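Read off the chains here:
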Amino acid sequence: MQAWVIGNWKQNPATSHDVDLLLNNLLTTIDAKEQANTERSSSRCQLMVAPSCIHLAAVSARLAGSSILSAAQDVSAHSASVGAYTGDCSAQQIADAGATWTILGHSERRQYHSESHDTLLQKVTHALTQGLGVVFCIGETQAQYDDKQTLDVIDTQLSVIKEVITTQPDLISSLSDRLIIAYEPVWAIGTGKVPTVSEVSQTHQHIKQTITGFAESLKVMSVLYGGSVNADNADSFAADPMIDGALVGGASLKVESFLAIANAFSRAKD
Ligand code: PEP
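Residues numbered from 1 in each chain as written. Predicted model: local features only at pLDDT ≥ 70, side-chain atom pairs only at ≥ 80, totals over all residues. Heavy atoms only, no water.

**Some points on the site of the ligand**
Alright, step 1. In the neighbourhood of the ligand, 14 residues make up the surrounding shell, with Lys-10, Glu-184, Gly-190, Ser-228 and Gly-249 lying closest.
Alright, step 2. His-106 places a side-chain nitrogen or oxygen 2.9 Å from an oxygen atom of the ligand.
Alright, step 3. Gly-249 is positioned such that a nitrogen or oxygen atom in its backbone is 2.8 Å from an oxygen atom of the ligand.
Alright, step 4. Surface burial for the ligand is 95%, taken as the share of its 300 Å² of free accessible area covered by protein chains.
Alright, step 5. Tallied by class, the residues present in the shell around the ligand amount to four nonpolar, eight polar and two charged. (Near = heavy atom within 4 Å. Polar contact = N/O pair within 3.5 Å; in protein donor to acceptor, adjacent residues only side chain to side chain. Areas by Shrake-Rupley, 256 points an atom, 1.4 Å probe, with all protein chains shown as cover. Nonpolar A, V, L, I, M, F, W, Y, C, P; charged D, E, K, R; others polar.)

**Structural notes on the environment of Lys-254**
Alright, step 1. Its place among the elements puts Lys-254 in the loop between strand S8 (245-248) and helix H11 (255-268).
Alright, step 2. Residues Lys-254 and Ser-173 lie 81 residues apart in sequence; the distance between their C-alpha atoms is 37 Å. (Helix = DSSP H or I, 4+ residues; strand = E, 2+ residues; numbered from the N terminus.)

**Focus: the pattern of salt bridges**
Alright, step 1. Applying the stated rule across the entire model yields eight salt bridges.
Alright, step 2. Residue Arg-109 is joined to Glu-115 by a salt bridge in which the shortest nitrogen-to-oxygen separation is 3.1 Å.
Alright, step 3. Residue classification places Arg-109 among the partly exposed positions, given a relative accessible area of 23%.
Alright, step 4. Relative accessible area serves as the criterion here: at 8%, Glu-115 is assigned to the buried category.
Alright, step 5. Between Arg-267 and Asp-235 there is a salt bridge, with the nearest N and O atoms lying 3.1 Å from each other. On the criterion of sequence distance, the pair formed by Arg-267 in helix H11 and Asp-235 in helix H10 (residues 234-238) is long-range, its members being 32 residues apart.
Alright, step 6. By relative accessible area, which is 40% here, Asp-235 ends up partly exposed.
Alright, step 7. Salt bridges sharing partners connect three or more residues here, namely Asp-74, Arg-109, Glu-115 and Lys-123. (Salt bridge = Lys/Arg side-chain N within 4 Å of Asp/Glu carboxyl O. Buried < 20%, exposed > 50% of the residue type's maximum accessible area, 1.4 Å probe, protein only.)

**Considering the nonpolar core**
Alright, step 1. With 67 residues, the main nonpolar core has Val-5, Leu-47, Phe-136, Ile-181, Ile-207, Ile-261 and Phe-265 as its most contacted residues.
Alright, step 2. Per-element tally for this core: the top contributor is H11, with seven residues.
Alright, step 3. Those residues in contact with Leu-47 that lie beyond four places of it in its chain are Val-5, Ile-30, Ser-67, Ile-68, Leu-69, Phe-258, Leu-259 and Ala-262. (Core = buried A, V, L, I, M, F, W, Y, C linked by side-chain atoms within 4.5 Å. Contact = heavy atoms within 4.5 Å.)

**Observations regarding helix H9 (residues 197-214)**
Alright, step 1. Between its first and last C-alpha, H9 extends 26 Å over 18 residues, near the 26 Å set by a 1.5 Å rise per residue.
Alright, step 2. All of the buried residues along H9 are Val-200, Ser-201, Thr-203, His-204, His-206, Ile-207, Lys-208, Thr-210, Ile-211 and Thr-212.
Alright, step 3. In this structure, the buried side of H9 is in contact with strand S5 (133-138), helix H7 (150-167), strand S6 (179-183), strand S7 (222-226) and H10. (Expected span 1.5 Å × (residues − 1).)

Following this line, the structure appears as structure tokens:
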């Protein structure tokens, strides 16, 4: 099965100049490695990057024709296309900017923008109906982890997907290719703290069973782990058959660590 390594650049880098430097470095390093044939970086691992909205069109244009996909970090909940929604970017505008995917439900959006079940239901529906793939993020807080509520929290968050399937049955057939779940414990994001591989593996197994319960065709859907993945711990996550890739924040801003993570998954899933 193909692995996924997705870089969530969040509100970075600060300038378009720095975005260009990061992208050029990424593309030239991949080219050099492929030409030297030292690493099979692209064979078993699909790379994707999610820049901030202001850089999305330029990044998508630069990546056109390369093996790397581009994604938004969010879409408007209010309208799939146009409307009086100051500050929003619609799924249609994101697709028009050249992105083919969007991250949705990231814990920073849930925390700082109070994204609710209904908001996320709208966002996922708009993204899918505009032809975008969705990387849907779920995960428990530290307090919920300490209270052993992880699976209950995840079930509640996954009910968005269940409702999308129930209300839009025509989307089911294409969903296994256009939906990825990213399990990201909130307490592991940007903290350097990580759950054990066995904990992640059991949670992923639960996610896969739950999603397959919504629609049998989703049995093959990818479930990624996110939260302080780096060049040093990537091999251990990649070795687990339940972990189909990684959503990477901080380490995706350095080409060396991003590609080391990609190579770990590429080797493990070969
Ligand atoms: C993220 O924000 O999705 C993330 C996983 O961040 P980090 O890798 O920095 O923990």
